[in-house]
Amino acid sequence: MLVFSAISPHPPILIPTIGKENLERINQTVQAMKKLNEELIKAKPETILIISPHLPLLSDAFSLLFAQNYLGGFEEFGDFSTKLEFKADIKCLYQIKENLENQFPLVFINQSKLDHGSLVPLYYLTKNINNFSIVPLGYSFLDYQTHLNFGKALKEEIFRTNKRIAVIASGDLSHRLTPDAPGGYSPSGKVFDHKLIELLKEKDVQGILNLDHQLIEEAGECGLRSFLILLGILEEVNYQPELLSYEGPFGVGYLVMNFKLGD
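Quick notes on the rules
- Residues numbered from 1 in each chain as written.
- Predicted model: local features only at pLDDT ≥ 70, side-chain atom pairs only at ≥ 80, totals over all residues.
- Heavy atoms only, no water.
- Helix = DSSP H or I, 4+ residues; strand = E, 2+ residues; numbered from the N terminus.
- Phe/Tyr/Trp six-rings, centres within 6.5 Å; stacked < 30°, edge-to-face > 60°.
- Buried < 20%, exposed > 50% of the residue type's maximum accessible area, 1.4 Å probe, protein only.
- Lys NZ or Arg CZ within 6 Å of the ring centre and 35° of its normal.
- Expected span 1.5 Å × (residues − 1).
- Arc of directions from axis to C-beta.
- Contact = heavy atoms within 4.5 Å.
- 1 Å grid on protein atoms, 1.4 Å probe; cavity = no way out; pocket = protein on both sides within 12 Å on 5 of 7 lines; lining within 4 Å.
- Points joined across faces, edges and corners; volume = space filled by probe spheres on them.
- Nonpolar A, V, L, I, M, F, W, Y, C, P; charged D, E, K, R; others polar.

Let's shift gears to the environment of L84. Structurally, L84 is set in strand β5 (residues 79-88). Considered as a pair, L84 and L36 are 48 residues apart in the sequence and their alpha carbons are 19 Å apart.

What follows deals with the packing of aromatic side chains. Under the criterion given, the structure shown has 10 aromatic pairs. Consider the rings of Y123 and Y124, whose centres lie 5.3 Å apart with planes at 75°: the pair is edge-to-face. Across the pair, exposure class does not vary: Y123 and Y124 are buried alike. An aromatic cluster is present here, built from F62, F104 and F150 joined pairwise through their rings. Lying over the aromatic face of F108, K97 brings its terminal NZ or CZ to 5.3 Å of the ring centre. K203 extends its terminal NZ or CZ atom over the ring of Y239, reaching a point 4.3 Å from the ring centre.

Compared with an ideal rise of 1.5 Å per residue, which puts 14 residues at 20 Å, helix α6 (residues 188-201) spans 20 Å between its outermost C-alpha atoms and is within 8% of the ideal. Along α6, the residues classified as buried are S188, G189, F192, D193, L196, I197, L199 and L200. Take α6 and look down its axis: the buried residues cluster within an arc of 165°, on one side only. Lining the buried residues of α6 we find β1 (2-8), α7 (205-209), α8 (213-219), α9 (224-233), β9 (239-247) and β10 (254-261). Directly after α6, the chain includes K203, whose backbone phi takes a positive value near 60°.

If you check the backbone angles, N131 has positive phi at about 55° while not being a glycine. Structurally, N131 can be placed in the loop between α4 (116-125) and β7 (133-138). A residue is classified by how much of its surface remains accessible, and N131, at 71% relative accessible area, is exposed. The phi torsion at K203 lies on the positive side, around 60°, for a residue other than glycine.

As a further point, take the layout of surface pockets. In this structure, the largest pocket occupies an estimated 180 Å³ of space. Lining of the largest pocket is provided by Y139, F141, Y144, H213, I216, E217, G220, E221, C222, L224 and R225. Breaking the lining of the largest pocket down by element, the ones donating at least two residues are α8 and α9. Here the lining of the largest pocket gets three residues from one element, more than from any other, and that element is α8. Of the residues contributing to the lining of the largest pocket, the split by class is six nonpolar, two polar and three charged.

In structure tokens form, the structure reads like this:
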């Protein structure tokens, strides 16, 4: 059963040992992540499905990271002290692969090392949560409709089990919001971010699918496919989007949104 669903950004600068004084500039995001953590604690998840844009991505297949335990840190960002470890939900991994691989291209990748797209959300959202395991999922470069359909199929697996399952769609919005942005500046960045947020708030999935592809390309985002998988999971589910924060002081759009589940 689905007990929690949310969109989370994943900038390493959110990690206190990396962000340091810069955390003050993204305090809205920090507080929103803490709020999400409170909601996830209440949901008492047994399994967390984390969808990340930075797992090993395949152009023509979805990927499930397969290991007994997952490990990760932030050495590549200069932090050699923060270490995270999570148990794998082996049964859930096999269930997804066995039931969906005939409908969608889906592969196991034997790897225990997690990426920052998974680790940053998990660092914040799993504080004070015990006895849970995770399923790391990577999207593909197949079309947007296929990602939505894949989410719909995942929903069937989630509701087939009695386990309490949380879904976190990790992803940042435009990487081109300011002149010093990582992807360079484009006016399309702000246009894309505000349009996407409005469509998410309005639950207008078709509107998201119909977004202009040139606008998406110009915005330089990395989260849209993660979000579409989540929206597929939420199809015909009673939910209410709750915008907790959005900001982009470093040129990248950070969105934190809780999809509050109804009874």
